[in-house]
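Residues per chain are reported as follows:
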Amino acid sequence: MFEFRPYRSGDEPAITALFEIVFGRPMSLEFWRWRFLDHPAGGPLVMLAFAEGALVGHYAASRAPLSLHGEYHPAALSMTTMTHPDWRGRRLFEKTADALYATLPEQGISAVYGFPNPAVHALRIMRAGWYDSYEVPTLTLDIASLRHPAQADPAVQIAERIDARFGRFFAKVAGDLPIAPHRDSDILAWRIDRNPDNTYTRFVLEEGDEIAGYALTKAYGADMLDLVELRAASGAAARALINTVAAHAAASGRTRIATWCLPNDLHRLPLEMAGFKASAPVTYFGGRTFIPLPADLTDGRLWRLSMLDSDLY
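Summarised in this report is the structure supplied together with it. Owing to the predicted nature of the structure, the values given are computational and were not obtained by experimental measurement.

Some words on the sheet that holds strand β5 (residues 71-73)
1) Next: Spatially, the 3 strands line up as an open sheet ordered β5-β4-β10, and their pairing is antiparallel. What marks the edges here is a single partner per strand, and that holds for β5 and β10 (180-181).
2) Next: Pairing of strand β4 (residues 66-68) with β5, which is carried by 3 bridges, proceeds in the antiparallel orientation. Within the sheet, the bridge partner assigned to Ser67 lies in β5 and is Tyr72.

Quick look at helix α5 (residues 164-173)
1) Next: Along α5, the residues that are buried comprise Arg165, Phe166, Gly167, Phe169, Phe170 and Val173.
2) Next: If you check the start of α5, you find a side-chain oxygen 2.9 Å away from the backbone N of Arg165, and it comes from Asp163.

Section: unusual backbone geometry
1) Next: Cis geometry marks the peptide bond from Ala280 to Pro281, where omega comes out at 0 degrees.
2) Next: Its location among the elements puts Pro281 in strand β15 (residues 277-289).
3) Next: In the Ramachandran plot, His69 falls in the positive-phi region, its phi being about 50 degrees despite a non-glycine side chain.
4) Next: Residue class for His69 comes out partly exposed when judged on its relative accessible area of 48%.
5) Next: Backbone geometry places Thr80, a non-glycine residue, at a positive phi of 55 degrees.
6) Next: Mapped onto the fold, Thr80 is located in strand β6 (residues 76-83).

Looking at the environment of Gly221
1) Next: For Gly221, the position within the fold is in the loop between β12 (210-220) and β13 (224-232).
2) Next: Measuring from C-alpha to C-alpha, the distance between Gly221 and Asp265 comes to 28 Å, with 44 residues separating the pair along the chain.

Here is what the cut-offs are and how they apply
Residues numbered from 1 in each chain as written. Predicted model: local features only at pLDDT ≥ 70, side-chain atom pairs only at ≥ 80, totals over all residues. Heavy atoms only, no water. Pairing = 2+ DSSP bridges. Helix = DSSP H or I, 4+ residues; strand = E, 2+ residues; numbered from the N terminus. Buried < 20%, exposed > 50% of the residue type's maximum accessible area, 1.4 Å probe, protein only. Polar contact = N/O pair within 3.5 Å; in protein donor to acceptor, adjacent residues only side chain to side chain.

The following block contains the structure:
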């Protein structure tokens, strides 16, 4: 009944049309191409399902390599799963996932991971071979609740773009991160500087000609600021960046800051000391491995995640 094949150039109009049918909002060709075709780590990982000559299913992953104690491993972020409403109830989700996953090991992909929404979380566990690693809470800071206004650190500056310092900094700290999405300068510049939909602010804690950490933020709605990534070499560096982000948020009229940070992360205590508290929404996180790896991806205590690892931010 169904024909499965990988993406080919020219499929984009049918893919974006299916997206609008399934989600009720448009996706630009520019965004799809940026996300799936232009990643510095490699080309598209997209499986399509056709029935009666029409595209009815789309199961995709975006390149998202991992760093395991500083060692690079090719991996992928699962995202943009779609089934045409007229073809639901026929296990198309499972069949398209199996068709894609069968191709990933031969492309060198060691694992796939992601943040399934409640509509597909159970399906990924029961039918796509996924495991749960963690349920990620949102940490929120209510700026008005602070006893004293946050003060910007003069050593923290705003960078106009991602430069080579970011990659050198990640290489310096990566060995202390058990499991973390890999961040070289090319990947971070693709994700931040070339993002066609979102605009980010890049805070850097300068240390001579290098940096001792960075924070990346994005405005959300009228009053929220998302701290989409915080990476620092020490607790003191994290505090300097957090305080500066909070000061800038208050000065721009933002009333709340939201972020992700798992309990074993170096940055968790500085965030809590600054006033961040765990709250809803809670996001599912899990994945599937295809080859043996030198770290247990099912163990949520080992992961160092940020909002930037999700396609929603």
